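# Coordinate inspection notes
Chain residues, written in single-letter form:
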Amino acid sequence: MKVMKPLMVTALGLSLATFYEGAFPAEKAVQVQAATDENVIADKAKTYEGADYTSGGETLSEGFDSSGFVQYVFKQALDTTLPRSVKEQSELGTDIDKNELQAGDVLFFDTDENGEVNVAAIYIGDDEMIYASSSDGKVVVKNISSSAYWSSHFAKAKRITGAPEIAKDNEVIAEALKHLGTPYVFGGESPTDGFDCSAFVAYVFQHASDVYLPRSTDQQWQVGEEVARADLKPGDVIFFKDTYREGISHVGIYAGGNQFIHAKRSENVTVDYLTSSYWTSKYAGARRYDDLSLSKDNPFVTESLKYVGEVPYAQGGTSPSTGFDTAGFVQYIYKEAAGKDIPRYASQQWETGETISKSDLKPGDLVFFEGSSLIPSIYIGNDYVVHVSTSEGVKITNYKVDSYWAPKYHGAKRMP
């Protein structure tokens, strides 16, 4: 790295010393490390001089506000995504002493009366900074020493080397991170085929913690424990509204540090900040799924789940090797899980056993739905049943929130 000689700034007029509170004695020169040719942050920032200022802007095409500019520069220079707001950016990195500024450090100012930082700039060396200026309407370079305004409103300086940490030790987050870069595919449900947003969340929870979630975003919104935004913790699931359609329409997994992992429409599985202007405007709420894991100690649960996504529908089918029809699947599970022989057909199964209310369901109970004929399923807990669909074979469904199956509920029976 080529390091230039320290810049000697003497106390003439408004020197760099007066830029800080507690200015240095006028007779003492201040040594400040200047920018180097290889300082990628400062060099990248200077390439955007003259770009438009836009309130809430965070891209070159739309323009920048001050924190949007800092965020954009760090992404382009270091491929590091910083938080969106000035306050969050000011909480990152290392505090820099008054005489240790280097090109690429981030400066923060308080220009309002509320005492909070509200303007961010990038120091580029030689007593200059670059920032998105609302008064100039563009990205500009300012000499700090010549500005009494910026001297009086300086709050702090930070050396930022990376984004906030996310909770990599959380089992849900660890699983989600495995799939960064997987393409977004509408209807996709696997790493090989790609994911849409709700399929990604369902896949992660199933493989990380044996939690089976409904397939669609609006159904996932209807299960779990509601969580206030202030109480978010890693592994909570956050929902957005009115994105590509009205209502609850997008979902991701909160990862800590105001970041979330999601399958981003028309892009891929990525990490974004919840505090960006777009996602803040679309935020709908959050759910926690800690209590939705299934009991693998129950033989009906473990036996039923073996065949989910593995065995197709077959008319008259009664085994994994031939495929299952709806009643053949239930009969097979009872034989394998409990050694019990139950009737072959759904109408006969309905006539057997004790009628059970929804509130009293236990794993192993039979839940029936109305179709052209009765359709039986195995209850496995948390409002989920395993059953056979003519189009998808053996599948798992939350029968209370699924828009197709919920209105077809007929009743439940507990076998003798």
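Rules used in this analysis
Residues numbered from 1 in each chain as written. Predicted model: local features only at pLDDT ≥ 70, side-chain atom pairs only at ≥ 80, totals over all residues. Heavy atoms only, no water. Pairing = 2+ DSSP bridges. Helix = DSSP H or I, 4+ residues; strand = E, 2+ residues; numbered from the N terminus. Axes fitted to C-alpha atoms, helices over the stretch in contact; angles between N-to-C directions. Contact = heavy atoms within 4.5 Å. 1 Å grid on protein atoms, 1.4 Å probe; cavity = no way out; pocket = protein on both sides within 12 Å on 5 of 7 lines; lining within 4 Å. Points joined across faces, edges and corners; volume = space filled by probe spheres on them. Domains from an automatic or database assignment. Nonpolar A, V, L, I, M, F, W, Y, C, P; charged D, E, K, R; others polar. Expected span 1.5 Å × (residues − 1). Buried < 20%, exposed > 50% of the residue type's maximum accessible area, 1.4 Å probe, protein only. Polar contact = N/O pair within 3.5 Å; in protein donor to acceptor, adjacent residues only side chain to side chain. UniProt positions renumbered as here; feature names shortened; annotations may be inferred.

## Focus on the sheet that holds strand β18 (residues 283-288)
Judged by pairing direction, the sheet is antiparallel, and its six strands sit side by side in the order β13-β18-β14-β15-β16-β17 without closing on themselves. On the outer flanks of this sheet lie β13 (225-227) and β17 (269-273), each paired with one strand and no other. Averaged over all pairs of adjacent strands, the angle between strand axes in this sheet comes to 35°, irrespective of strand direction. Running over the sheet, helix α7 (residues 197-209) touches β14 (237-241), β15 (248-256), β16 (259-263) and β17 and is turned about 40° from β15.

## A short note on the layout of surface pockets
Here the largest pocket defines a volume of roughly 920 Å³. Around the largest pocket, the lining is made up of 35 residues, and of these T81, K264, T270, V271 and D272 lie nearest the centre. Listing elements by their share of the lining of the largest pocket, those giving two or more residues are β3 (58-59), α3 (66-78), β15, β17 and α9 (277-282). Split by domain, the lining of the largest pocket shows at least three residues from each of two domains, domain 1 (40-159) and domain 2 (171-288). Considering only enclosed or pocket space, the second largest pocket measures out at about 670 Å³ in volume. In this structure, the second largest pocket is lined by 21 residues; those nearest its centre are E189, Q206, R215, E392 and I396. Of the residues assigned to the lining of the second largest pocket, the class counts are 10 nonpolar, six polar and five charged.

## Regarding α7
Helix length check: α7 (13 residues) gives 18 Å between terminal C-alpha atoms against 18 Å at 1.5 Å per residue, within 8%. The element α7 is extensively covered by neighbouring structure, given that 11 of its 13 residues are classed as buried. Here α7 has its buried residues at C197, S198, A199, F200, V201, A202, Y203, V204, F205, A208 and S209. In the stretch just after α7, D210 is the one whose phi turns positive, near 55°.

## Side note on the sheet that holds strand β24 (residues 384-389)
Strand order in the open sheet made by the six strands is β21-β26-β22-β23-β24-β25, with antiparallel pairing throughout. Across the chains shown, the open sheet's two edge strands, defined by having one partner strand only, are β21 (354-356) and β25 (393-398). The sheet shows a mean angle of 35° between the axes of neighbouring strands, direction not considered. Relative to strand β26 (residues 409-414), β21 runs antiparallel, the two sharing three bridges. Bridge pairing links T355 to K413 in β26. Contacts from helix α11 (residues 326-338) reach β22 (366-370), β23 (374-381), β24 and β25 within the one sheet, and its direction differs from that of β23 by about 40°.

## Considerations on the pairing of β25
Strand residues, when the strand is regular, have side chains that alternate between the two faces of the sheet. The element β25 is extensively covered by neighbouring structure, given that six of its six residues are classed as buried. Across six bridges, the pairing between β24 and β25 is antiparallel. Counted as the bridge partner of V386 is I396 from β25. From the end of β24 to the start of β25, which pair antiparallel, there are three residues.

## With respect to the side chain of R84
Tracing the backbone shows R84 in the loop between α3 and α4 (86-90). A polar contact of 3.1 Å, which involves the side chain of R84, links it to the backbone oxygen of G57. Of note is the side chain of R84, whose polar atom sits 3.0 Å from the side chain of D65. Beyond its immediate sequence surroundings of up to four residues, R84 is in contact with G56, G57, E58, D65, S67, G68, Q71, Q89, T275, S276 and S277.

## Thoughts on the UniProt feature "domain: NlpC/P60" (unreviewed entry) in the protein chain
UniProt records the feature "domain: NlpC/P60" (unreviewed entry) for residues 35-161, 166-290 and 294-416 in the present numbering. Span residues 166-290 is 24% helix and 30% strand, its end C-alpha atoms 19 Å apart. In residues 294-416, helix accounts for 20% and strand for 31%; the two terminal C-alpha atoms are 23 Å from one another.

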